[in-house]
Amino acid sequence: MKKVIYSLLFFCGLAGLWGCEETTEGLTDVTYYVNFELNGDDPMLVPVGTSFADPGVVAKEGEEDVTASVAVDSNVDAGQVGLYSVSYSAANADGFSSSIERTVIVYDPAITTDASGDYTVDSSVSYRIYGGGAPAPFKGDFGVSVNQVAPGVFAVSDFLGGWYDQGAAYGASYAMKGYFKLNADNTIEPLSSLVAGWGDSMDNMTGGKYDPETGQITWSVDYAGQMTFYIVMNK
């Protein structure tokens, strides 16, 4: 259980005095942060076009149930395929706030194509353009994983094809992780992206496409205002 302890121990003593007239020892105040327990699933999968029913949380401050005081902030649109969040927050009796978040994935059950798998970047045709300069080829055939989290919605280990994570050896924090949706015509659209090491995301994606016959993914990602990564990946 999360708590913060404040201990105040006062000592008095003045030069030339034998002792203290008053001492307060072991004065301790304990404040408990509100702890949350999510009801239902996280992430929560919702078919597009249906209604979203938030299962909510149970919140406790110490042993006291304070669920009624929880504030909920949601951006879920069940009419649009996408990645959404529901945030639950509450302040304790001393004004200290805490929160928890649920991910909600709105998906299209009609999308049955599965693009998941382990991919290898084709360095012979993949490249980066920096500041309008000449294309710089990838330095290796790097690995990228794609995992289905719901029909037509996929998690990707690196939208940048391993350029920084593997090619520059910066490590996993510099892979652009995220999610994309696969449309009925097998085009790809990003839903979210994040390079944790720099705290930013892609500017734009164009040309996203999955070929179910060859198992190939292609896309072009604009990043950091001055770079474009053109990537071809094969299973």
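This structure is a prediction, so every number in the text was calculated from the model and none was measured. (Residues numbered from 1 in each chain as written. Predicted model: local features only at pLDDT ≥ 70, side-chain atom pairs only at ≥ 80, totals over all residues. Heavy atoms only, no water.)

This part takes up the overall build of the protein. A tally of regular secondary structure across the protein gives one helix and 19 strands. For the protein, the proportion of its 235 residues judged to be buried stands at 34%. Sequence separation of 24 or more characterises 50% of the internal contacts of the protein that already satisfy a separation of 6 or more. Carbon and sulfur atoms make up 49% of the accessible area of the protein, which amounts to about 12700 Å² in all. (Helix = DSSP H or I, 4+ residues; strand = E, 2+ residues; numbered from the N terminus. Buried < 20%, exposed > 50% of the residue type's maximum accessible area, 1.4 Å probe, protein only. Contact = heavy atoms within 4.5 Å. Areas by Shrake-Rupley, 256 points an atom, 1.4 Å probe, with all protein chains shown as cover.)

Right, let's talk about the sheet that holds strand S3 (residues 34-38) for a bit. One open sheet accounts for three strands, arranged S3-S5-S6; its pairing is antiparallel. In this open sheet, the two strands that pair with only one neighbour each are S3 and strand S6 (64-65). Bridge analysis of strand S5 (residues 57-61) against S6 gives two bridges, and the strand direction is antiparallel. Across the sheet, lysine 60 pairs through a bridge with aspartate 65, a residue of S6. (Pairing = 2+ DSSP bridges.)

Okay, the sheet that holds strand S7 (residues 71-74) next. Strand pairs in the sheet, formed through backbone hydrogen bonds, run parallel or antiparallel to each other. Taken together, the four strands give an open sheet; going across it, the order is S4-S9-S8-S7, and neighbouring strands pair in mixed fashion. The sheet terminates laterally at strand S4 (44-47) and S7, the two strands that pair on one side only. Shown here is a sheet whose adjacent strand axes are inclined to one another by a mean of 25 degrees, direction ignored. Bridge count for strand S8 (residues 82-91) against strand S9 (residues 97-107) is 10 bridges, and the pairing is antiparallel. Paired with glycine 82 across the two strands is valine 106, which belongs to S9. (Axes fitted to C-alpha atoms, helices over the stretch in contact; angles between N-to-C directions.)

For the rest of this paragraph, the subject is the nonpolar core. The nonpolar side chains of a soluble globular protein tend to be buried with one another. Among the nonpolar cores identified, the biggest contains 29 residues, and Trp219 and Phe229 are the most heavily contacted of them. Listed in part, the 16 residues of the second largest apolar core include Val34, Val57, Ala59 and Val104. (Core = buried A, V, L, I, M, F, W, Y, C linked by side-chain atoms within 4.5 Å.)

Let's shift gears to the environment of tryptophan 198. Note on placement: tryptophan 198 falls in the loop between strand S16 (188-195) and strand S17 (202-211). For tryptophan 198, a relative accessible area of 42% translates into the label partly exposed. When the C-alpha atoms of tryptophan 198 and methionine 176 are compared, they prove to be 9.9 Å apart, with 22 residues separating the residues in sequence.

All told, the structure shown has 14 aromatic pairs when counted by the stated rule. Both rings, one in phenylalanine 138 and one in tryptophan 163, keep their centres 4.9 Å apart while their planes meet at 85 degrees; by these two values the pair is edge-to-face. A residue pair is termed long-range when its members are at least 10 positions apart, and phenylalanine 138 in the loop between strand S12 (136-137) and strand S13 (143-150) and tryptophan 163 in helix H1 (residues 163-167) qualify at 25 residues. Geometrically, the ring pair formed by tyrosine 164 and phenylalanine 229 is edge-to-face, given 6.1 Å between the ring centres and 65 degrees between the ring planes. Of this pair, tyrosine 164 sits in helix H1 while phenylalanine 229 sits in strand S19 (residues 227-234); the two residues are 65 residues apart in sequence, bridging distant segments of the chain. Across the pair, exposure class does not vary: tyrosine 164 and phenylalanine 229 are buried alike. (Phe/Tyr/Trp six-rings, centres within 6.5 Å; stacked < 30°, edge-to-face > 60°.)

Taken together, the seven bridges between S17 and strand S18 (residues 216-223) define a ladder with antiparallel strand orientation. From the neighbouring strand, threonine 206 faces S18, where its bridge partner is serine 220. Counting the residues that bridge the hairpin from S17 to S18 gives four residues, and of these glycine 215 lies at a positive phi of roughly 70 degrees.

Right, let's talk about the confidence of the model for the protein for a bit. In this model, the protein carries a mean pLDDT of 91, and residues with pLDDT of at least 70 account for 88%. Note on residues 5-24: pLDDT is under 50 here. Beyond four places in sequence and across chains, it has 24 contacts. (pLDDT = per-residue confidence, 0-100.)

Now for the pattern of salt bridges. Overall, the coordinates contain one salt bridge when judged by the stated rule. The salt bridge involving lysine 181 is made with glutamate 189; its shortest N-O contact spans 4.0 Å. By relative accessible area, which is 37% here, glutamate 189 ends up partly exposed. (Salt bridge = Lys/Arg side-chain N within 4 Å of Asp/Glu carboxyl O.)

Summarising the element assignment, arginine 128 is placed in strand S11 (residues 127-130). As a buried residue without a salt bridge, arginine 128 has its nearest oppositely charged side chain in aspartate 222, at a separation of 11 Å. Here tyrosine 164 takes part through its side chain, which lies 3.3 Å from a polar atom of the side chain of arginine 128. If sequence neighbours within four positions are ignored, arginine 128 has contacts with Ala134, Pro135, Ala136, Trp163, Tyr164, Met227, Thr228 and Phe229. (Lys, Arg positive; Asp, Glu negative; His and termini not counted. Polar contact = N/O pair within 3.5 Å; in protein donor to acceptor, adjacent residues only side chain to side chain.)

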